Amino acid sequence: MKITVQSSKAVKPDYDGGDAPAAATVVPLTVFDLISFDDYMFGIHAFHPPSPTTAALEAGLARALAEYREWAGRLCADPATGRRGILLNDAGVRFVEASAADGATLESAMPLLQPTPEVRRFHPSAGGAGEELMLVQVTRFACGSLVIGHAMHHAVGDGFAISRFLVAWGQATRGVAIDPVPVHDRTSFFVPRDPPRVEFEHRGTEFKKPREDKKNARMRGGDGGAGAGDDDDDDEVVVQLVRFSREFVSELKSRASATAGAPGRPYSTTQCLAAHLWRCVTAVRGLDGGRATTLHLAVNGRARMRVPEGYTGNAVLWAHPATTARELVAGPLGRAAELIRGEVARVDDAYFRSFIDFASSGAVEEEGLVPASADPEAMVLGPDVAVYCLLRVPFYDVDFGGGRQFFYTPGYYPAEGVVYILSPSPLGDGSVEAHVSLYRRAMETFKGCCFSPGEPGVVLQ
């Protein structure tokens, strides 16, 4: 299917007749912004008719940008301090209007919206961007349906902040008040303590010594264990959409509680699905049983640090439960779920505050440390798995006036070992969807074991 771009323009904030800010200001990035991936995050949303006009979408975007000026700004270095920040200059976001050629309907395009390379046709091209921090592509179909793709820079905000802006864009397009009210304060919530109290080790976790980029290292790729060192290292990475039914998730939670070894509060859906997928991915990689494997799980710090729900920046650190491949696969599901719960609980308010104190202490600069996300080898997962859970991120609340979207995907991330657990399926049947990235050689085995709530069925040596 051919997608034709009809126009591309910059959309700037609309202050509804009020005066624009007198001068551009620079908002310094926080310690959480600075350790995030220095790249764009993608997403695609599909809507059945009736659809708003392009003019209405553009006007709503302009009104939302007046409340969320950072997305219309540019990254820069603060001339006063040299520190990286966001220049609030209202330069605007890139707005691309496109259409499906030859009278194509959205129904005929649905296979393209699955996690395959073809879905990139609905992404705005960040590769060709200037300095925009947000790019949007609106693609229309002959049936009246609409697909909106976005690319938004991670340094400005995390997944929760991005979803809140998209919800606000929908609210502005519908002409209703933006709720929750955005909170732009990037200083007072993360003030280091005096004296600082670095109670946890942040070297080797959030920060590392820089290492030389390996010639064949691939973004979030890695050796995957299977055939490590073989000619298969360059095997294609594919993304599989899997849908777990309500009954399957209930069975997972029941099994986890039954095998945890001690009575206690039930495990959450996130904990059980993350544990199950960690075990399955590890099983099909063919790792040596004694090889260490770590699950990297994003932890939202808003509730932990009592930061308002409408905060517009990054507020995420990572939990890193670890064990050996053999213990993970051969042990019960409840043990993996307990490892995850324990490590997530450890990343509490005290841990976040310790991180703030360490990142603000000058030690990072004195020791030449870099964010772990900037370390080339940290981007090579190898035996590890990275899980991004969107179950509580309100992407499915986006509504431009024709009703909530019926389809959402975080885009196409051909990155081996990366898992996205999405919001509950829009089918309304209580199922939960996930995107799993693996080498093609391991994917068929993965599909054979991931729908068994019991043991993965693979014996590691």
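Small disclaimer: the values here were computed from a predicted structure and weren't measured.

(A) Quick look at the side chain of Asp78. Mapped onto the elements, Asp78 comes out in the loop between β4 (74–77) and β5 (84–88). Buried and unpaired, Asp78 has no salt bridge, with Arg83 as the nearest side chain of opposite charge at 8.1 Å. Apart from residues lying up to four places away in sequence, Asp78 is in contact with Val26 and Arg83.

(B) View of the state of the cysteines. This model, assessed by the stated rule, comprises zero disulfides. The cysteine Cys450 is free of any disulfide, with Cys280 supplying the nearest cysteine sulfur at 6.1 Å. According to the relative accessible area criterion, Cys450 is buried, its value standing at 0%.

(C) Molecular detail of the sheet that holds strand β2 (residues 25–28). Spatial strand order, β2-β5-β4: three strands in an open sheet with antiparallel pairing. Every interior strand has two partners, whereas the edge strands, β2 and β4, have only one. Each adjacent strand pair in this sheet contributes to an overall mean axis angle of 45°, direction not counted. With four bridges connecting them, β2 and β5 associate as antiparallel partners. If you follow Val27 over to β5, its bridge partner there is Ile86.

(D) Local environment of the sheet that holds strand β6 (residues 93–100). The six strands lie next to each other as β1-β6-β7-β8-β3-β16, forming an open sheet whose pairing is mixed. On the outer flanks of this sheet lie β1 (3–11) and β16 (407–409), each paired with one strand and no other. Shown here is a sheet whose adjacent strand axes are inclined to one another by a mean of 15°, direction ignored. Pairing analysis gives three bridges linking strand β3 (residues 40–47) to β16, with the strands arranged antiparallel. Counted as the bridge partner of Ala46 is Phe407 from β16. Lying over the sheet, helix α2 (residues 54–67) contacts β1, β6, β7 (134–140) and β8 (146–153), oriented at roughly 160° with respect to β6. Here helix α4 (residues 159–174) sits on the sheet and contacts β3, β6, β7 and β8; the angle it forms with β8, its principal contact strand, is near 135°.

(E) Summary view of the confidence of the model for the chain. Overall, the predicted model of the chain reaches an average pLDDT of 87, with 89% of residues at or above 70. Here helix α3 (residues 106–109) stands out as the least confident element of the chain, with mean pLDDT 82; helix α10 (residues 349–359) is the most confident, with 98. Counting contacts from residues 213–234, a segment whose pLDDT is below 50, to residues more than four positions away or on other chains yields 52 contacts.

(F) Quick look at the side chain of Thr409. You can see Thr409 is positioned in strand β16. For Thr409, the contacting residues outside a window of four places in its chain are Gly43, Ile44, Leu113 and His435.

(G) The arrangement of the packing of aromatic side chains in detail. Scanning the entire structure with this criterion turns up 20 aromatic pairs. When the ring of Phe32 is compared with that of Phe352, the centres are 5.8 Å apart and the planes differ by 40°; the resulting orientation is tilted. Of the two residues, Phe32 sits in helix α1 (residues 31–34) while Phe352 sits in helix α10, which places them 320 residues apart along the sequence. Relative accessible area serves as the criterion here: at 1%, Phe32 is assigned to the buried category. A residue is classified by how much of its surface remains accessible, and Phe352, at 0% relative accessible area, is buried.

(H) Here's a closer look at the pattern of salt bridges. In this structure the tally under the stated criterion is 22 salt bridges. Its salt-bridge partner being Arg186, residue Asp33 comes within 2.9 Å of it at the nearest N-O pair. Placement of the pair is Asp33 in helix α1 and Arg186 in the loop between α4 and β9 (207–208), with a sequence separation of 153 residues. Given the relative accessible area of 2%, Asp33 is considered buried. Residue classification places Arg186 among the buried positions, given a relative accessible area of 7%. Its salt-bridge partner being Glu201, residue Arg203 comes within 3.5 Å of it at the nearest N-O pair. The exposure class assigned to Glu201 is partly exposed, which follows from its relative accessible area of 48%. Several salt bridges converge on common partners, so that one network encompasses Asp33, Glu70 and Arg186.

The rules we used
Residues numbered from 1 in each chain as written. Predicted model: local features only at pLDDT ≥ 70, side-chain atom pairs only at ≥ 80, totals over all residues. Heavy atoms only, no water. Helix = DSSP H or I, 4+ residues; strand = E, 2+ residues; numbered from the N terminus. Buried < 20%, exposed > 50% of the residue type's maximum accessible area, 1.4 Å probe, protein only. Lys, Arg positive; Asp, Glu negative; His and termini not counted. Salt bridge = Lys/Arg side-chain N within 4 Å of Asp/Glu carboxyl O. Contact = heavy atoms within 4.5 Å. Disulfide = S-S within 2.5 Å. Pairing = 2+ DSSP bridges. Axes fitted to C-alpha atoms, helices over the stretch in contact; angles between N-to-C directions. pLDDT = per-residue confidence, 0-100. Phe/Tyr/Trp six-rings, centres within 6.5 Å; stacked < 30°, edge-to-face > 60°.

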